[in-house]
Amino acid sequence: MEEDELVASADSSPKTTLSRNEVRHLISLGHVLVLHRRSVYRLNNWLSRHPGGHLAILHFVGRDAANEIEAYHCKDTIERVMRHYIVAKVEEKDLSEEVGWKPLTPLVQLGKEGAFGSIQDYAGEKGTARNWKQDLKAYRSGQVDGQPVQKLVEEEELEPPSPPESIIPSEQYRISKAWEVLHQKLEDEGLYKARPLWHYRVELVRYFGLFLGFLYVFMHASRTWHYYLAAVLLGACWHQVTFVVHDAGHTEVAGDYHIDRIIGSLVASWFGGLSCGWWCDNHNIHHLVTNHIEHDPDIQHVPFFAISNKFFGNIYSTYKRRILLFDAASRFFVSMQHKLYYIVMSLARFNLFAESYMYLLFRAPSGFYRNLELTGVAFFWLWFGKGVLGSIPTLGTRLGFVVLCFMVTSPLHVQIVLSHFAQSTEDMGLYETFPARQLRTTMDVTCPEYIEWIHGGLNMQVTHHLFPRLPRHNLRRASKFIQEFAKEQGLEYHTYHFIQGNQRVLSVLKDVADQVHVLGKVASAQARGEFHHH
């Protein structure tokens, strides 16, 4: 069905109702169906244009994504834009009062690349070409493509496995409903209201102060250490403004997607040489499948880091679309990862450049924002490459300048992983709700309010993960409600001081490194024939 036909036929209260079996069958044919309570969205035409990336949708095919949808979209977007993609309602008999909708397993999480072969096909091409109404009619008649219904794709594969004993569906459903009440409470408290000029009044003084300080020192530099001091000031400025890119990527600055995306692109690409688009594509998935070994790109750092021995098994990354080989290089680096951690993190900005340019050149959707960022990157290398580095007299000083100003931004990278590396990476299945997963996989960093600016709001990661559109300047106030919510729902709210949090991260890294050493000794013993099979 073409998009204009879809929009024309869609209605906020469609007459068509679908049973769970019918939803499952249509998904097996390539129809991208996501639930929002009773409403069924068909999103094949939207996948390639979704601001959060297509995987943010594919991970929720066949599932009730009410919490995720409302956490990431304002009411205006849901009521004015998303309603056009509603094609049906699910039958009330398939919505239990105790557990709600029983989830189906998304194809992307089955290790399959879609009902038609490639992930590109599943992401909107051949699936889009099919007419869901005709497929539904054929299913109800008992014949599909000339074959009996039972002869089709193995629909039973979409049925989720039983949850672990610690996950009780009725309790998870209760937590989901309690999150909705809390979400509305934060709305009523006015905590979602964006006030950019007021919220960033002090930050703007800090940003411009650091940059003007850099310009002054650099323009008056006559000795090598002058250039290095300028590098420290520029790096500190980059460190601080990167938090603005994070805020803009979550529409926290102005509260408007397009305005925030432009702000994020100008700061990231034109001033920092990086891609806000890549960050959004990567980071949104991290928020939705936090700390999931196969799906969360923010914990997939093989060969340099592995925070679980599950990485020893050559896992397939659904984000990177390749197997993360645990090869000789991985064994070498991971065996020393707790010793190399801060060294690697000090150079992490170089990786951001590589990831940004690979995204812009090969994966970014064509259009205004890609062009804005490509132009911005060209401008960055004009002012930074030619204007700054070209003015430094010696090659050695230039290299030292680049490394130093990049290293000064490293606390940002430590901060980003701090709230997750030491948290649970267990897969609790599809019955675990959005709020329960975020509280289990995320921790806060306790610090006085007067030094919070150093963390850029990322110290309040639990609150941020539960309500990612909240302006960071309101996170501390909102966190009090979150702590009460966690206590009422019997969930643990993790919070540690900065040093304590770093110690926990290093402990996890060392534990996995020790396991690599043990595996190495076992392999050596086997090679020497010291183990015998009986």
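Residues numbered from 1 in each chain as written. Predicted model: local features only at pLDDT ≥ 70, side-chain atom pairs only at ≥ 80, totals over all residues. Heavy atoms only, no water.

A. Region of interest: the overall build of the protein. Counting its secondary structure elements, the protein contains 25 helices and twelve strands. Computed over C-alpha atoms, the radius of gyration of the protein comes to 25 Å, within 12% of the 24 Å expected from 2.2 N^0.38 for 534 residues, which places it in the range of a compact globule. Taking the principal axes of its C-alpha atoms as reference, the protein extends roughly 85 × 70 × 45 Å. Evaluated residue by residue, the protein yields a buried proportion of 53% over its 534 residues. For the protein, the proportion of contacts with a sequence separation of at least 24, taken over those separated by at least 6, is 75%. For the protein, the computed accessible surface area is about 24600 Å², with 58% contributed by carbon and sulfur atoms. Separation of charge centres in the protein, based on 53 positive and 56 negative side chains, amounts to 5 Å. (Helix = DSSP H or I, 4+ residues; strand = E, 2+ residues; numbered from the N terminus. Rg over C-alpha atoms; globule rule 2.2 N^0.38 Å. Buried < 20%, exposed > 50% of the residue type's maximum accessible area, 1.4 Å probe, protein only. Contact = heavy atoms within 4.5 Å. Areas by Shrake-Rupley, 256 points an atom, 1.4 Å probe, with all protein chains shown as cover. Lys, Arg positive; Asp, Glu negative; His and termini not counted. Charge placed at Lys NZ, Arg CZ, Asp CG, Glu CD.)

B. Here's a closer look at the sheet that holds strand β4 (residues 86-90). Spatially, four strands are ordered β1-β4-β3-β2 in an open sheet, and the strand pairing comes out mixed. Among the strands making up the open sheet, the edge pair consists of β1 (17-18) and β2 (33-36). As defined by bridge partners, β1 adjoins β4 across two bridges and the pair is classed as parallel. Residue pairing in the sheet places Leu-18 in a bridge with Val-90 of β4. (Pairing = 2+ DSSP bridges.)

C. Local environment of the packing of helix α11 (residues 201-219) against helix α12 (residues 224-249). Direction vectors running N to C along α11 and α12 enclose 160°, while the axes themselves pass 8 Å from each other. It follows that α11 is roughly antiparallel to α12 by the angle criterion. When the axes of α11 and α12 are compared, the crossing they make is left-handed. Of α12, the residues touching α11 (which contributes Arg-206, Tyr-207, Leu-210, Phe-211, Gly-213, Phe-214, Val-217 and Phe-218) are His-226, Tyr-227, Leu-229, Ala-230, Leu-233, Leu-234, Ala-236, Cys-237, Gln-240, Val-241 and Val-244. Of the residues contributing to the contact of α11 with α12, the split by class is 15 nonpolar, three polar and one charged. (Axes fitted to C-alpha atoms, helices over the stretch in contact; angles between N-to-C directions. Parallel < 35°, antiparallel > 145°, perpendicular 65-115°, else oblique. Left-handed = near helix turned anticlockwise from the far one by under 90°. Nonpolar A, V, L, I, M, F, W, Y, C, P; charged D, E, K, R; others polar.)

D. Region of the structure containing a nonpolar patch on the surface. A surface patch of nonpolar side chains, amounting to about 290 Å² of accessible area, comprises Leu-347, Phe-350, Val-403 and Met-407. Following the sequence through the fold, Leu-347 ends up in the loop between α16 (337-346) and α17 (348-363). The exposure class of Leu-347 is partly exposed, given its relative accessible area of 36%. (Patch = residues over 30% accessible without salt bridge, like charges linked within 9 Å, V, L, I, M, F, W, Y side chains within 5 Å. Salt bridge = Lys/Arg side-chain N within 4 Å of Asp/Glu carboxyl O.)

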